[in-house]
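Letter by letter, the chains look like this.
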Amino acid sequence: MSVEKNTRKLDKGIVRDFSSRMSYASYLQLPTLLSAQQPVSQPEHHDELLFIIQHQTTELWLKLVLHELRSAAAWLREDDLGSALKGIARVKHIQKTLTEQWSVLATLTPTEYSQFRGFLGNSSGFQSAQYRAVEFVLGNKNSKMLPIFESDPQAHGMLAELLAAPSIYDEFLAYLSRQGFDVPRSVMDRDVTLAHEFAPELVPLFKHIYENAADNWAAYEACEELVDLEDNFQLWRFRHLRTVQRTIGMKTGTGGSSGVTFLQKALELTFFPELFAVRTEIGQ
């Protein structure tokens, strides 16, 4: 089949009248979505739209990440490991998209950003409630973050709820316990409002799972999925740090943090430390 005059004919069945039908734009609320980019620079700087869209799309992806991780935690509580791993697999793909997005923002040069940065006031990605929520769900909890969101009751409520709830790692360990694995009582009874810290007593459990993978395939696969999740998160953190350093150097962040120095410390945080520590022990 050929296309005449480089113009494709429309199929007869294509719907044209949306006066009483749902359209693509109405389903996706596009008038609302596409009017949400409101540059504040005066005069409006060309590159501010890039900056806004970069962060808005990140927030949309974070919304889906939260949706999947909270569902995965619920499935683990129901001993539905397969569904939980399916959700985690989706999150891993989203993480790759989020990491690649930094390359778009990296096209913003220091000179370009400096021309509208002052208009941002104290707004900063540091204040992303959804990013903090993802950290909480994965186990990096920090109650000192909550006061930052007191002016936003909805965000504060979400974080308070997640602070008090078991993390996805807590749920996974509880799942293993119900499956007959010897999860130490000290780990099962820990205060879930605190960040999970390295528990050396957990390492023998994971050593057993890894060294007997054929007999414990489901648990073994789940461990590797969690390792992927943390690796991807750390890659995102690193790309964030490098993009910030490339754009503002060692300047203080707009939200009052030390900027690159603060982001560097995040690379030392971990979600599932025993799953990395066990690698030293395997085969010994």
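On a predicted model such as this, the values are computed, not experimentally measured, just so you know. (Residues numbered from 1 in each chain as written. Predicted model: local features only at pLDDT ≥ 70, side-chain atom pairs only at ≥ 80, totals over all residues. Heavy atoms only, no water.)

**Side note on the packing of aromatic side chains**
Item 1. Summed over the entire model, instances satisfying the criterion amount to 14 aromatic pairs.
Item 2. Put simply, the rings of Trp-102, Tyr-131, Tyr-169, Phe-233, Trp-236, Phe-271 and Phe-272 pair up and form one aromatic cluster.
Item 3. Across the ring face of Phe-126, the terminal group of Arg-132 is positioned such that the distance to the ring centre comes to 4.8 Å.
Item 4. Residue placement shows Arg-279 over the ring face of Phe-276; its charged tip is 5.9 Å from the ring centre. (Phe/Tyr/Trp six-rings, centres within 6.5 Å; stacked < 30°, edge-to-face > 60°. Lys NZ or Arg CZ within 6 Å of the ring centre and 35° of its normal.)

**Overview of the pattern of salt bridges**
Item 1. The tally for this structure, following the rule as stated, stands at 12 salt bridges.
Item 2. Close ionic contact of Glu-171 with Arg-77 constitutes a salt bridge, the shortest N to O distance being 2.8 Å. In this pair, Glu-171 is assigned in helix H8 (residues 168-178) and Arg-77 in helix H3 (residues 48-77), connecting sequence segments 94 residues apart.
Item 3. Judged by relative accessible area, which is 46%, Arg-77 ranks as partly exposed.
Item 4. Each of Lys-92, Glu-225 and Asp-228 takes part in salt bridges that share partners, so that together they form one network. (Salt bridge = Lys/Arg side-chain N within 4 Å of Asp/Glu carboxyl O. Helix = DSSP H or I, 4+ residues; strand = E, 2+ residues; numbered from the N terminus. Buried < 20%, exposed > 50% of the residue type's maximum accessible area, 1.4 Å probe, protein only.)

**Concerning the layout of surface pockets**
Item 1. There is about 1,200 Å³ of room inside the largest pocket.
Item 2. Lining the largest pocket are 44 residues, with Ser-124, Gly-125, Phe-126, His-240 and Leu-263 positioned closest to its centre.
Item 3. Among the secondary structure elements, those contributing two or more residues to the lining of the largest pocket are H3, helix H4 (81-105), helix H6 (129-138), helix H11 (217-248) and helix H12 (260-266).
Item 4. Top contributing element to the lining of the largest pocket by residue count: H3, with eight residues.
Item 5. A breakdown of the residues in the lining of the largest pocket according to their chemical character gives 20 nonpolar, 17 polar and seven charged. (1 Å grid on protein atoms, 1.4 Å probe; cavity = no way out; pocket = protein on both sides within 12 Å on 5 of 7 lines; lining within 4 Å. Points joined across faces, edges and corners; volume = space filled by probe spheres on them. Nonpolar A, V, L, I, M, F, W, Y, C, P; charged D, E, K, R; others polar.)

**What to know about empty space enclosed by the protein**
Item 1. Taken as a whole, this structure holds two cavities of 30 Å³ or more when the rule is applied.
Item 2. The calculated volume of the largest cavity comes to roughly 130 Å³.
Item 3. Lining the largest cavity are 13 residues, with Leu-62, Gln-95, Leu-98, Val-134 and Phe-233 positioned closest to its centre.
Item 4. Elements supplying a minimum of two residues to the lining of the largest cavity: H3, H4, H6 and H11.
Item 5. No other element matches the four residues that H4 contributes to the lining of the largest cavity.

**Remarks on the UniProt feature "binding site: heme" (unreviewed entry) in the protein**
Item 1. The UniProt entry lists His-240 under the feature "binding site: heme" (unreviewed entry), expressed in the numbering used here.
Item 2. Among the secondary structure elements, His-240 is positioned in helix H11.
Item 3. Residues within four places of His-240 in sequence aside, it is in contact with Trp-102 and Leu-263. (UniProt positions renumbered as here; feature names shortened; annotations may be inferred. Contact = heavy atoms within 4.5 Å.)

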